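Spelled out from the first residue to the last, the chains are:
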Amino acid sequence: MGRSYIAGYRQKFESKMRRSRRRARRLKRRMTGNRLLDIGSNVGCLVGAGLELGLEATGVEVNPLLVEEAQRRFPEGRFLTGLFEDVELACESFDGVYCSEVIEHVVDTNRFLEAVRAAMAPGAILYLTTPALREFTKGSNPTRWRHFGAPDHKLYFSAPNLRHMLDKHGFGSVHFEFNFARGLKVFAQRL
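Small disclaimer: the values here were computed from a predicted structure and weren't measured. (Residues numbered from 1 in each chain as written. Predicted model: local features only at pLDDT ≥ 70, side-chain atom pairs only at ≥ 80, totals over all residues. Heavy atoms only, no water.)

Asks: I tried to follow the pairing of strand S1 (residues 35–39) on my own but got confused; where do I start?
Replies: Taken residue by residue, a regular strand's side chains alternate between the two faces of the sheet. For S1, the buried fraction is high: four of the five residues fall into the buried class. As a crossover connection, the stretch from S1 through helix H3 (residues 45–52) into strand S2 (residues 56–61) is right-handed. Pairing between S1 and strand S4 (residues 94–100): four bridges, direction parallel. Along S4, the bridge assignment pairs Asp38 with Tyr98. (Buried < 20%, exposed > 50% of the residue type's maximum accessible area, 1.4 Å probe, protein only. Helix = DSSP H or I, 4+ residues; strand = E, 2+ residues; numbered from the N terminus. Right-handed = clockwise from strand over helix to strand, strands pointing away. Pairing = 2+ DSSP bridges.)

Spelled out as structure tokens, the structure:
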């Protein structure tokens, strides 16, 4: 992802901010504190939305060009560059974690979820979204299924296997939101 991606993102920036504001408000209502972490922060929309709500917001993004753009757009935000599992964050330092369209790109989901849990304070809330396996496997004829291998997707999740992964890594109160559109949207609490 380079500068052409950022240029394209600028065209849809306002719609991304509206969505980020809705999601940040929903997450804030469930948080017991004001420290927010956005994993895969892209150009910083969720961090920006969190700042508007008075949250102390941090973003982690693997692409340095996106971090540069995020820092330019939201200079009050804190942005870290690197693979989330390798970025050094204080343990138990976040009350809410937003992770949208990231987990399907992760090579080692166990390591990733352990790092997420370690960054969260006890009782903190995780809001995670990911494409749903059902989007790719509609119908009984596998030759007509949607192409697997979307940009760097390593895994595909169903509600049961995502719930199992979250349970395995110390999350409870797992709640899947009804979603008219594609994908899975889930809130979970760190136990």
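Next comes the rest of the description.
Asks: Looking at this model, I keep getting lost on the packing of aromatic side chains. Mind explaining?
Replies: For any pair of aromatic rings, the description rests on two quantities: the centre-to-centre distance and the angle between the ring planes. Here the structure, examined in full by the defined rule, presents four aromatic pairs. Look at Tyr127 and Phe187: their rings are 4.2 Å apart centre to centre, the planes differ by 10°, and that puts the pair in the stacked class. Of this pair, Tyr127 sits in strand S5 (residues 120–130) while Phe187 is found in strand S7 (residues 184–190), placing the two residues 60 residues apart along the sequence. It is Arg30 that lies over the ring of Phe187; its NZ or CZ is 3.7 Å from the centre. Above the plane of the ring of Phe13 lies Arg73, whose end atom (NZ or CZ) is 3.8 Å from the centre. (Phe/Tyr/Trp six-rings, centres within 6.5 Å; stacked < 30°, edge-to-face > 60°. Lys NZ or Arg CZ within 6 Å of the ring centre and 35° of its normal.)

Asks: Looking at this model, I keep getting lost on the pattern of salt bridges. Mind explaining?
Replies: Side-chain pairs of opposite charge can arise whenever the charged atoms involved come near each other. Applying the stated criterion across every chain yields a total of seven salt bridges. Between Asp95 and Arg35 there is a salt bridge; the shortest N-O distance is 2.7 Å. In this pair, Asp95 is assigned in strand S4 and Arg35 in strand S1, connecting sequence segments 60 residues apart. The class for Arg35 is partly exposed, based on a relative accessible area of 26%. Arg72 is the salt-bridge partner of Glu69, the closest N and O atoms lying 2.7 Å from each other. One end of the pair, Glu69, and the other, Arg72, are both in helix H4 (residues 64–73), three residues apart, so they sit about a helical turn from each other. Residues joined by salt bridges that share partners form a network here, namely Glu69, Arg72 and Arg73. (Salt bridge = Lys/Arg side-chain N within 4 Å of Asp/Glu carboxyl O.)

Asks: Help me understand the sheet that holds S4, please; the structure alone is not making it clear to me.
Replies: Hydrogen bonds along the backbone pair up the strands of a sheet, which may run parallel or antiparallel. Strand order in this open sheet of seven strands is S3-S2-S1-S4-S5-S7-S6, and the pairing throughout is mixed. Strands at the two margins of the open sheet, each flanked by one partner only, are strand S3 (78–81) and strand S6 (171–176). In this sheet, neighbouring strand axes are inclined to one another by 15° on average, regardless of whether the strands run parallel or antiparallel. Of the strand pairs in this sheet, S4 and S5 are connected by six bridges, and their pairing is parallel. (Axes fitted to C-alpha atoms, helices over the stretch in contact; angles between N-to-C directions.)

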